[in-house]
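# Results of the structural survey
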Amino acid sequence: MERNHNPGNCNVLKFLIADKKNKRRNFGQIVSDVGRICYSVSFSLSEPTTMGRNNLTRPSEFILLGLSSQPEDQKPLFAVFLPIYLITVIGNLLVILAIHSDTRLQTPMYFFLSILSFVDICYVTVIIPKMLVNFLSETKTISYGECLTQMYFFLAFGNTDSYLLAAMAIDRYVAICNPFHYITIMSHRCCVLLLVLSFCIPHFHSLLHILLTNQLIFCASNVIHHFFCDDQPVLKLSCSSHFVKEITVMTEGLAVIMTPFSCIVISYLRILITVLKIPSAAGKRKAFSTCGSHLTVVTLFYGSISYVYFQPLSNYTVKDRIATIIYTILTPMLNPFIYSLRNKDMKQGLGKLMHGMKCQ
């Protein structure tokens, strides 16, 4: 049987074959286009257009929210904290000059007090000048490097304060419980050793925490809800795991803080036991009077620190900023008044210094 070759049928068949090839090419083109789109999306996620890769893990600057974000509060706050800073610096400077100008105050207790006054001046200088600038500035920014530097010296000087308070507690313990061996025990060598430990341990502790903080990734907000670069508020901005950092704070940090605190507690327990054995009420009052100023400063310092830091990171609130003011600003300002008004020798030393300045 002979087949009929219809030219129309051949054309239809060719059209269908060509159409199927075009569809295959179009499908391949679609797959290729989807692949390019997915790659470009993934690349844009890893390389944001608004922030470079380095800025994703290490912001160029932070914004310090301060004590208040209201513009009308800035000048009144500046007017409050500028006198506080000046009083703190001048008051502690007068204590240092009075101790070094009066031979009666050349004892280990006043030696540590003069160093404490110097550290307090450094302590508030790390925080308040930048805070005063931000009160009058619209940007309120601090660079990443400045933030870590401020945090380093804040931690270092803050912990140096606690170790100096411990050294002063040890001095009071030896003076009251071992008065006949006081000169032998609290020798110049012992005082220098306590001073070296009071500076070295806090600085190594601070360096460790700064190195750990520098490893964190900051990819969220760069607004610090505080008036300076404190450890806890900065840690809250990190979007990476800070488990190692928190464990370090609760172990090494706790050990560094509790070591001087334990020395203070043990020293005063021994002092209390010794004083209670004194038969006369006048003797007890005299012994306690030498410790009253120191105990007041210790209570203010450690009370506010324990309130702020010995709690979960998620609970850090505005109240903690207010508590931070007590040990970072108010305690250094009150130290000269506490040690001077309740100490007869310091009153005489300051009076002698002021009289000498007037004569000049």
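Summary of the structure given here. In this text the structure is predicted, and so the values were computed from the model without any measurement. (Residues numbered from 1 in each chain as written. Predicted model: local features only at pLDDT ≥ 70, side-chain atom pairs only at ≥ 80, totals over all residues. Heavy atoms only, no water.)

### Quick word on the overall build of the protein chain
When helices and strands are counted, the protein chain shows twelve helices and three strands. Look at the contacts in the protein chain between residues 6 or more apart in sequence, and 78% of them connect residues 24 or more apart. Total accessible area on the protein chain stands at roughly 20,300 Å², and carbon and sulfur atoms take up 68% of it. (Helix = DSSP H or I, 4+ residues; strand = E, 2+ residues; numbered from the N terminus. Contact = heavy atoms within 4.5 Å. Areas by Shrake-Rupley, 256 points an atom, 1.4 Å probe, with all protein chains shown as cover.)

### Notes on the packing of aromatic side chains
Throughout the structure, instances matching the rule amount to 13 aromatic pairs. Ring centres 5.4 Å apart and planes at 85 degrees place the aromatic pair F301 and Y302 in the edge-to-face group. Under the relative-accessibility criterion, F301 is labelled buried at 2%. In textbook terms, an aromatic cluster arises when at least three aromatic residues are bridged by ring pairs, as seen for Y123, F154, F227, F228, F261, F301, Y302 and Y327. (Phe/Tyr/Trp six-rings, centres within 6.5 Å; stacked < 30°, edge-to-face > 60°. Buried < 20%, exposed > 50% of the residue type's maximum accessible area, 1.4 Å probe, protein only.)

### Points about the packing of helix 3 (residues 71-101) against helix 12 (residues 344-359)
The interhelical angle for the contact between helix 3 and helix 12, taken along N-to-C directions, is 90 degrees, at an axis separation of 9 Å. Looking at the two axes, helix 3 sits roughly perpendicular to helix 12. Contacts from L94, V95, L97, A98, I99 and S101 in helix 3 reach M346, G349, L350, K352, L353 and M354 in helix 12. Taken together, the residues of the contact of helix 3 with helix 12 sort by class into nine nonpolar, two polar and one charged. (Axes fitted to C-alpha atoms, helices over the stretch in contact; angles between N-to-C directions. Parallel < 35°, antiparallel > 145°, perpendicular 65-115°, else oblique. Nonpolar A, V, L, I, M, F, W, Y, C, P; charged D, E, K, R; others polar.)

### Quick notes on the nonpolar core
Counting 80 residues, the largest nonpolar core has F81, L113 and L165 as the members making the most contacts within it. Here this core takes 17 residues from helix 5 (residues 144-177), the largest share from any one element. Setting aside anything within four residues of it in sequence, one finds L113 in contact with V95, I99, M168, Y339 and M346. (Core = buried A, V, L, I, M, F, W, Y, C linked by side-chain atoms within 4.5 Å.)

### A few points about the environment of L235
Residue placement: L235 occurs in helix 8 (residues 231-236). Of the residues examined, L235 reaches a relative accessible area of 1% and is grouped as buried. Sequence-wise, L235 and I217 are 18 residues apart; in three dimensions their C-alpha atoms are separated by 9.9 Å.

### Points about the sheet that holds strand 2 (residues 141-143)
Here three strands make up an open sheet; going across it, the order is 2-1-3 and the pairing mixed. Looking at which strands have only one partner, the edges of the open sheet turn out to be strand 2 and strand 3 (223-224). Sitting on the sheet, helix 5 touches strand 1 (61-64), strand 2 and strand 3, and the angle it makes with strand 2 is about 85 degrees. (Pairing = 2+ DSSP bridges.)

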